[in-house]
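# An overview of the molecular structure
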Amino acid sequence: MIKGKKTLMPDALIDKTEPSFNAEPVLDALIVGAGFSGMYQLICLRDRLGLSAKVLEAGSGVGGTWYWNRYPGARCDSESHVYWYTFDKKLMQDWDWSERYPEQPEILRYLNFVADRYDLRRDIRFNTRVVRADYDAAANLWRVRTEAGELYSARFLITAVGCLSTANVPNFPGLEQFKGDWYHTGQWPHEGVDFTGKRVGMIGTGSTGIQAAPVIAKTAAHLTVFQRTANYSVPARNVPLTPEFKRWIKENAEEIRSLTHETQNGQSFRIETRKALETSPEEREKIYEAAWERGGLQFRAVFEDMMSSKAANDTAADFVRRKIRSIVKDQATAAILSDIDHPYAGKRPPIDTDYFETFNRPNVSLVDVKAAPIECITADGIRTAAAEYPLDIIVFATGFDAMTGPLMAMNIHGRGGEALRESWNAGPRNYLGLQVSGFPNLFMITGPGSPSVLCNMPVAIEQHADWITDCIAHMRANGLDRIEAQQEAMDSWIEKVNQAAAATLLSTVPHSWYLGGNVPGKPRVFMPYAGGMANYRRICDDVAAAGYPGFEMSASERVAAE
Ligand SMILES: Cc1cc2nc3c(=O)[nH]c(=O)nc-3n(C[C@H](O)[C@H](O)[C@H](O)COP(=O)(O)OP(=O)(O)OC[C@H]3O[C@@H](n4cnc5c(N)ncnc54)[C@H](O)[C@@H]3O)c2cc1C
Ligand SMILES: NC(=O)c1ccc[n+]([C@@H]2O[C@H](COP(=O)([O-])OP(=O)(O)OC[C@H]3O[C@@H](n4cnc5c(N)ncnc54)[C@H](OP(=O)(O)O)[C@@H]3O)[C@@H](O)[C@H]2O)c1
């Protein structure tokens, strides 16, 4: 476990009534992970299909991302009225969000509310990390081993392990000798961290660092932000929701849901059809200014060509750079912050509350670690090629081994003992993002090859869990108990994934985590499907309607005899 010198304390969310689990009888389905994905997949399989299904979860409570990421300033960037489950109309009526972008504790409360409402905890085993999974071809079963050595057997294995759940702590020499405390934002202590009077160093200026810096700066004696790649950010403009807006959400919940199914990003706003390059500079400026004032991820949606044309994107990039320079008073700091080397939204675009303004505080300074890289951690702080910075606390806002990291960590072995780690040696390959040839009855929720992180994720998660549920229902209705993606289907899907990426500017940013560029040694392959969520949904629906071409389904001897 990656954490500072303080232990993760149990909190009120710890499940105190853990059910006893046995390796037998064989389960219909074993789900790994109890975040948005695993919780909904359990509802689908257990309550909708009546299967025996269990969830194994490494954490001590439900929530996934929102269980682990308790760093100061953590909140979602999707607006609250689309960042929730939509499978149950009544559930949407019975929950009220308080803000445009709820904070982590509120989202965690929501997920616990869902767990209570559908009585999910009785089938979730907490504090249980899966460390190995083997497909037993003779029995047509997955044999799953936990860190504590328990064994589970299940017909279907469903990974709901998240795309951003494996913390990436760079391997800086000397960390073990640091005398202060250090924390990764994705494994934040439950009891919180008191920055009062401390000299804090924060490494990383992605969405996380950009959220955390303004909050840490409020109590720290001094905050030093270590920036490698300068980043864009647009104001979030968070506000409490008015009673009228809350009422509007309830009255329009179904329409909002339909809209999130029609858009390519799973959001409730459409990408405009106008083009930046066909709009006059004056008009463009007005449009960007209005989007800046409105705030949020919608900034990316104001021109249709923003993510496909570098020249169009330059107009947005130039606008944000000018904003940074106008907000940050110290011109040397402003120059480092606005010296951005990639297209706007070429990496996941952060949104913020007073991020650039934070650099106007007397207790905040910026260090350019692109110009003078971090050399090591010393007993007293961080040493770069240019200077040493004495620190009491280091915050690693250094992101995740995204998308493939949690899957690789499960140590999955398919038919004939083939390791997923080996078959994905040169990058992930699968069919529809759902299944890998050689790994029968293994389904992945929001894995690589699916829109996942390029989409408002609850929409992608519900689509995947529903599709998997319908597929298993189809198999059971037809006396089938084995499904495996075919190699040719996988090859042609990967070609589509690559083509979709090449049509956007997303694949042009070598240090993006979308390409594995943030983890040394990771293959540089664009992982998510960039062809759009609505298009992807249609493709998956068509495959199901046509009887699952590209998948081979069969009945094992046992089922055939029944
Ligand atoms: C700080 C932050 C903010 C985000 N904000 C947004 C947002 O605004 N909008 C948006 O769409 N998305 C956002 N995301 C993405 C977010 O991850 C998804 O929205 C969503 O929460 C993912 O749910 P999940 O259940 O698929 O995965 P997770 O929530 O990551 O849950 C996966 C669970 O699997 C468990 N697990 C993993 N491996 C194992 C194992 N081997 N054994 C047992 N358990 C295991 C983990 O402990 C974890 O609890 C954000 C991500 C982060 C990190
Ligand atoms: N509210 C939200 O919606 C929200 C909030 C937080 C996170 N998220 C999700 O989680 C994803 C990950 O965000 P994140 O900010 O945690 O991670 P991230 O986007 O990968 O950013 C990590 C930061 O750490 C820096 N870094 C990594 N290794 C380093 C090293 N060795 N030396 C110096 N700097 C280093 C990176 O620099 P380089 O850029 O140079 O690699 C980058 O600035 C987001 O993209 C988003 O999808 C969402």
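Now for a look at the structure at hand. (Residues numbered from 1 in each chain as written. Chains lettered and ligands numbered in written order. Predicted model: local features only at pLDDT ≥ 70, side-chain atom pairs only at ≥ 80, totals over all residues. Heavy atoms only, no water.)

### Side note on the packing of aromatic side chains
Rule in force here: Put simply, two rings from Phe, Tyr or Trp (the six-membered ring, in Trp's case) pair if the centres are within 6.5 Å, and we call them stacked under 30 degrees between planes, edge-to-face over 60, tilted for the rest. By the criteria applied, helices consist of DSSP H or I runs no shorter than four residues and strands consist of E runs no shorter than two, each listed in order from the N terminus. Each residue is placed in one exposure class: buried if its accessible area under a 1.4 Å probe, protein chains only, is under 20% of its type's maximum, exposed if it is over 50%, and partly exposed if it falls in between.
What the rule picks out here adds up to 39 aromatic pairs. With centroids separated by 6.0 Å and ring planes inclined at 40°, the aromatic side chains of Tyr40 and Tyr85 adopt a geometry described as tilted. Taken together, the residues span a long stretch of sequence, with Tyr40 in helix H1 (residues 36–48) and Tyr85 in the loop between helix H2 (65–68) and helix H3 (89–94) at a distance of 45 residues. The burial state of Tyr40 is the same as that of Tyr85; both residues are buried. Between the aromatic rings of Trp292 and Phe319, the centroid separation amounts to 6.0 Å while the plane-to-plane angle is 70°, which identifies the pairing as edge-to-face.

### Some details on helix H5 (residues 207–219)
Quick reminder of the rule: A residue's bend is the angle separating two fitted axes: one through the seven residues that end there, the other through the seven that start there.
Bending of H5 peaks at approximately 30° at the position of Ala213, with proline Pro214 no more than four residues after it. Taken residue by residue, H5 has Thr208, Gly209, Ile210, Gln211, Ala212, Ala213, Pro214, Ile216 and Ala217 as its buried positions.

### A few points about the layout of surface pockets
Threshold: Points on a 1 Å grid, built from protein atoms alone, make a cavity when a 1.4 Å probe fits but cannot get out and make a pocket when they are open with protein on both sides within 12 Å along at least 5 of 7 lines; residues with an atom within 4 Å of a point are the lining residues. Grid points are joined across faces, edges and corners, and a volume is the space filled by probe spheres set on the points. All amino acids are sorted into three groups, where Ala, Val, Leu, Ile, Met, Phe, Trp, Tyr, Cys and Pro are nonpolar, Asp, Glu, Lys and Arg are charged, and the leftover types, Gly among them, are polar.
Quantified by volume, the second largest pocket comes out at close to 630 Å³. Along its surface, the second largest pocket is lined by 27 residues, and Gln264, Ile271, Met307, Thr504 and Ala530 are the ones closest to its centre. When grouped by side-chain class, the residues that make up the lining of the second largest pocket number 15 nonpolar, eight polar and four charged.

### Overview of the packing of helix H6 (residues 243–251) against helix H7 (residues 253–262)
To keep it simple, the criterion reads: Fitting a line to C-alpha atoms yields each axis, with helices limited to the stretch in contact; the angle taken between N-to-C directions then spans 0 to 180 degrees. In what follows, roughly perpendicular refers to angles from 65 to 115 degrees, roughly parallel to angles under 35, roughly antiparallel to angles over 145, and oblique to any angle outside these ranges. Working rule for contacts: check all heavy atoms of both residues, and any pair within 4.5 Å makes them a contact.
Packing of H6 against H7 brings their axes to within 4 Å, and their N-to-C directions diverge by 70°. In terms of axis orientation, H6 runs roughly perpendicular to H7. Between H6 and H7, the contacting residues are Trp248, Ile249, Lys250 and Glu251 on the first element and Ala253, Glu255 and Ile256 on the second.

### Brief notes about the nonpolar core
Soluble globular proteins tend to pack their nonpolar side chains together in the buried interior. Filter applied, for reference: Buried Ala, Val, Leu, Ile, Met, Phe, Trp, Tyr and Cys residues that are joined via side-chain atoms within 4.5 Å together make up what is termed a nonpolar core.
Counting residues in each nonpolar core, the largest one holds 154 residues, and the members touching the most others are Tyr85, Tyr110, Phe299, Tyr344 and Trp467. In terms of residues, this core owes the most to one element, helix H14 (residues 457–477), which gives 10 residues. Core analysis: the second largest hydrophobic core is formed by 14 residues, Leu175, Trp182, Ile374 and Leu391 among them.

### Quick notes on the pattern of salt bridges
Spelled out, the test is: Take a side-chain nitrogen of Lys or Arg and a carboxyl oxygen of Asp or Glu: if they are within 4 Å of each other, that pair is a salt bridge.
Under the defined criterion, the tally for this structure stands at 34 salt bridges. A salt bridge links Asp94 to Lys90; the nearest nitrogen and oxygen atoms lie 2.9 Å apart. Linking Asp94 with Lys90, this pair stays in helix H3, spanning four residues, or about one helical turn. Arg122 is paired through a salt bridge with Asp123; the nearest N and O atoms lie 3.4 Å apart. The class of Arg122 is partly exposed, set by a relative accessible area of 44%. Judged by its relative accessible area of 6%, Asp123 falls in the buried class. One connected set of salt bridges, linked through shared partners, spans Arg46, Asp47, Lys54, Asp119, Arg122 and Asp123.

### What to know about the site of ligand 1
Note the following rule: Put simply, a residue is near a molecule or strand once any heavy atom of it comes within 4 Å of that molecule or strand. Any pair of N or O atoms that falls within 3.5 Å is considered a polar contact. Within protein, one atom must be able to donate a hydrogen and the other to accept it, and sequence-neighbouring residues count only if both atoms are side-chain atoms. In this description, accessible areas are obtained by the Shrake-Rupley approach with a 1.4 Å probe, and a residue is regarded as covered only by the protein chains that are shown.
Contacts to ligand 1 come from 32 residues, most closely from Ser37, Glu57, Asp77, Tyr83 and Met457. Contact between ligand 1 and Asp77: an oxygen atom at 2.6 Å from a main-chain N or O atom of the residue. Residue Met457 places a main-chain N or O atom 2.7 Å away from an oxygen atom belonging to ligand 1. Starting from 980 Å² of accessible surface for ligand 1 in isolation, the protein chains cover 95%. Elements with a minimum of two residues in the shell around ligand 1: H1, H2 and H14. Ranked by the residues each element gives to the shell around ligand 1, the list is headed by H2, at three residues. When its residues are assigned to classes, the shell around ligand 1 shows 18 nonpolar, 11 polar and three charged.

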